[in-house]
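For reference, the chains in residue letters:
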Amino acid sequence: RVARDQEVPCRRVLSRRPMGKMSGSGSERQASDAANNMQLQTFQNAANRDGEFVELASYAPELTSRIWDISDGRLVNGMWARMGVNDPGFEPFGGTVHEFQLALEEELALDYEEEPGAQFLRNLREQERYRDTNGSSSKTAPVTALYGGSLPGVTRPVWVMKDHKGEEHEFGSEDDAVLFQKKQSALMSRKQAKKAKATAMSVAAKLLAGKTTSKDDGEGVDDEGTAKAKKKGKDGDDLKGSVEPPSSAARPPMAFDSIASITVAACRRDYEGTDTELKRRLRDVIDGNVSSEITKKRMFLRSQVQDALQVFAQVIEDEDAVTVCNFVNCLVMQPVVGKHADLRDVKTTEDRYKQMEAKIFDKRVISFELLRDEPVCMLGMAIKQQRPLKPRVVIVVERSIMENVLRALTSPEAQKSGGLRNLYPAAGWVVVPDGTDMALAKVNFQIALARVLKRHALGVSCGGGLNVLSQMCQAAIWDVPMMVLHGSGRVSDIWMKLWPRRTSADFDAVVVHAQLQSCAGYSIEMQSTHNVREVLKKGNLMLHSISANTNAFERLFRIELKGDQLITTALRRLHSYEVTIRVYSKYKRPLATFALMVSLFATLASVFVSNLDTFGHSQSTGRIWAGMILRWIAVVAPAVLVVLNSIENFVNLNNMLIIAERASAKVESLLNVYRMRALQYSDAYIDKERDAQLETERLRKEAAKQKAERAKKSSSSDSSDDDDDDDDDGGAASFFRSRRHGSRDG
């Protein structure tokens, strides 16, 4: 450790003053230097008050140029400045797009000696500048991010509860299960109260009917009715006592839990439980008290999500994209363990429990090995496979977690397992203060980095709950296009019904809230519907079902990054039609003019040849030559007209010109409709067509089923009729045979 009172190179305080503006009067420079010195002294005083401060680069000097620590940065009067860590005199760091963008613009303009940690961002900026100057580059290099959450039944625990009808319902959190249990208890209480009221009314009615019987045997009937009423009332009380609602205080049983879900809970700051509870869950999983086996349905879901994320990673590699991640605070490849590192040979469940406890709770360093089924970790591993050495991945992480990871990897115990080589090979790490909302910090840094690099931003939504919904809302506000993996679960499954109908149906907050609860659980609050409204109003979503072909998913990426190839093809076809129209128009006018002139000359020549005697002496030389020329014209001109007519009929200029003009107008009109996403290309029309196809498919299956049942019934009835016919035929034949034999005997 290095104390702040020792010689530690403090970072200079940055302001919004332009870096290259050094000219001016001496008084202005002195005032600026005095302000900077005063801010620097304030920072040093705050650092001394904070006590010990350790530079992250001191743990790993080889990572100095790849760790950009902005945990002590703040916005002071709208200017980015390096102040004391957790200094109460300044506004805390909020992780907004404006803060990240100001920090990037200010510190990327500095030299390596002044801010070495931002060197990897400077390299990214220089690469993109070179890409802009190189016209032959065809890669778009977007800034991408995955807005993903845990998969229920894979990396998220599942609770299964039964309703009053006996039907099972799955929940992804204990709060949802408890709330569902309370609702079922209230429903059962209301039903029992209603049933008890009905029983009491029926008893009272029978008592009244017993008293109004005949007076002769009234006493006997009254006693008999009273006895029956009392008996039924007693039976009702017994029934009421036997069907008691479940106690709301009882803890709902967990239907599925796994080591991955425990690890995710251990690395999340918003987890409300304790380590004791997590260790109890781990003990139940190791001992087999809770099912940890992934069902076939969940395994199929995991495979589909992994396939889609593999396509995403392939597009990232092909387009040379920059990916912003946080990996759920997972920064190392293999677990870093301490006191139980020698547990290589696991023989008993106790050894297994100690080993997993050490991997999860010993160093508080979460590895990709434990979270290999988490969607964001799936993407990280897929990107690493595409580019093993140094992928273009920027990780946003809190300072305490980054410090803990570096301290664990540089310890003597971790040197045996690889040390810093065990760290995920990212391009760099952006370290933010502790307590920052990491879900919003990730998407805000993605937007800010895209604005600084002057590149497109692109997001992919997979599963998730409130955090993913807030990320999608932030991306929609900043006009970031998103692709939603429908079928991945929770929030990502609500858009298939809401997005196509956003223009044709009114926004109903109650209906949207019900859909959120059905997909993401009862813990979704009513205010979350505002985020859904913002996404529907400002967002740009492209929906892809994970059960569909992944080639379609890749085409969506190509359309978003390189433009719609269908529009390009339509524009190319429209251009070819226009060229054809110009060519036909170019030759049609001269050909028609020439034919008109030839016909005119032929007519004049015929007129003059027939009236040569009226123009003078017939023996003059000029008259002879004029008559010869006019005769040749009268003979040749019709032949030329025939040739021109044959050419026009063969080429068919008029019809071809009309066809080309109609085709051009048709393509242009459809192109405009497609660009506006109107009529048959609108989301509402596509949604109606899909519903109609599903309804047609359902009716077809139902008709086939009914046809098979009718065929089965008809076959069974035919077989029974055949048996009856055989019996009838046999009896008739024996009768006739007996008659014949009788006649012979006679």
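Residues numbered from 1 in each chain as written. Predicted model: local features only at pLDDT ≥ 70, side-chain atom pairs only at ≥ 80, totals over all residues. Heavy atoms only, no water.

In globular proteins that are soluble, nonpolar side chains generally tend to be buried together. Ranked by size, the top nonpolar core spans 69 residues in total, and within it L331, M402, Y424, W429 and F553 carry the most contacts. In terms of residue count, the dominant contributor to this core is helix α8 (residues 296-318) (9 residues). In this structure, Y424 is in contact with F327, L331, V332, M333, F368, G380, I383, K384, P391, V393, I395 and W429, ignoring residues within four places of it in sequence. Listed in part, the 57 residues of the second largest apolar core include A118, I494, W495 and V535. (Core = buried A, V, L, I, M, F, W, Y, C linked by side-chain atoms within 4.5 Å. Buried < 20%, exposed > 50% of the residue type's maximum accessible area, 1.4 Å probe, protein only. Helix = DSSP H or I, 4+ residues; strand = E, 2+ residues; numbered from the N terminus. Contact = heavy atoms within 4.5 Å.)

Glancing now at the packing of aromatic side chains. Scanning the model with the defined rule gives 9 aromatic pairs in all. Aromatic pair W80 and F93: ring centres 6.2 Å apart, planes at 75°, arrangement edge-to-face. Linking W80 in strand β3 (residues 79-82) with F93 in the loop between β3 and α2 (97-107), this pair joins segments that are 13 residues apart in sequence. Each member of the pair W80 and F93 is classed as buried. Put simply, the rings of W80, F93, F100 and F445 pair up and form one aromatic cluster. Positioned above the aromatic ring of F361 is the side chain of K279, whose terminal nitrogen or guanidinium carbon lies 5.5 Å from the ring centre. The cationic tip of R502 hangs over the ring face of W499; the distance from NZ or CZ to the ring centre is 3.7 Å. (Phe/Tyr/Trp six-rings, centres within 6.5 Å; stacked < 30°, edge-to-face > 60°. Lys NZ or Arg CZ within 6 Å of the ring centre and 35° of its normal.)

Another point: helix α6 (residues 259-267). Among the 9 residues of α6, 9 are classified as buried, and the element is accordingly described as predominantly covered. Inspection of α6 places I259, A260, S261, I262, T263, V264, A265, A266 and C267 among the buried residues, and these make up the whole buried set. The inward-facing, buried residues of α6 abut α7 (275-287), α9 (349-362) and β10 (366-367).

Read across the open sheet, the 3 strands follow the order β6-β5-β7; overall the sheet is antiparallel. Because the sheet does not close on itself, it has two edges, and the strands there are β6 (168-171) and β7 (254-256). Strand-to-strand twist in this sheet, taken as the mean axis angle between neighbours without regard to direction, amounts to 40°. Here strand β5 (residues 158-162) runs beside β6; their pairing, made up of 4 bridges, is antiparallel. In the strand pairing of β6, M161 is matched with H169. (Pairing = 2+ DSSP bridges. Axes fitted to C-alpha atoms, helices over the stretch in contact; angles between N-to-C directions.)

A contiguous patch of positive charge on the surface is contributed by K165, R190, K191 and K194. On the secondary structure map, K165 appears in the loop between β5 and β6. (Patch = residues over 30% accessible without salt bridge, like charges linked within 9 Å, V, L, I, M, F, W, Y side chains within 5 Å. Areas by Shrake-Rupley, 256 points an atom, 1.4 Å probe, with all protein chains shown as cover. Salt bridge = Lys/Arg side-chain N within 4 Å of Asp/Glu carboxyl O. Lys, Arg positive; Asp, Glu negative; His and termini not counted. Charge placed at Lys NZ, Arg CZ, Asp CG, Glu CD.)

Further remarks concern the environment of A81. Tracing the backbone through its elements, the reader meets A81 in strand β3. Classification of A81 as buried rests on a relative accessible area of 3%. Each C-alpha atom of the pair A81 and A103 lies 8.4 Å from the other, and the pair is 22 residues apart in sequence.

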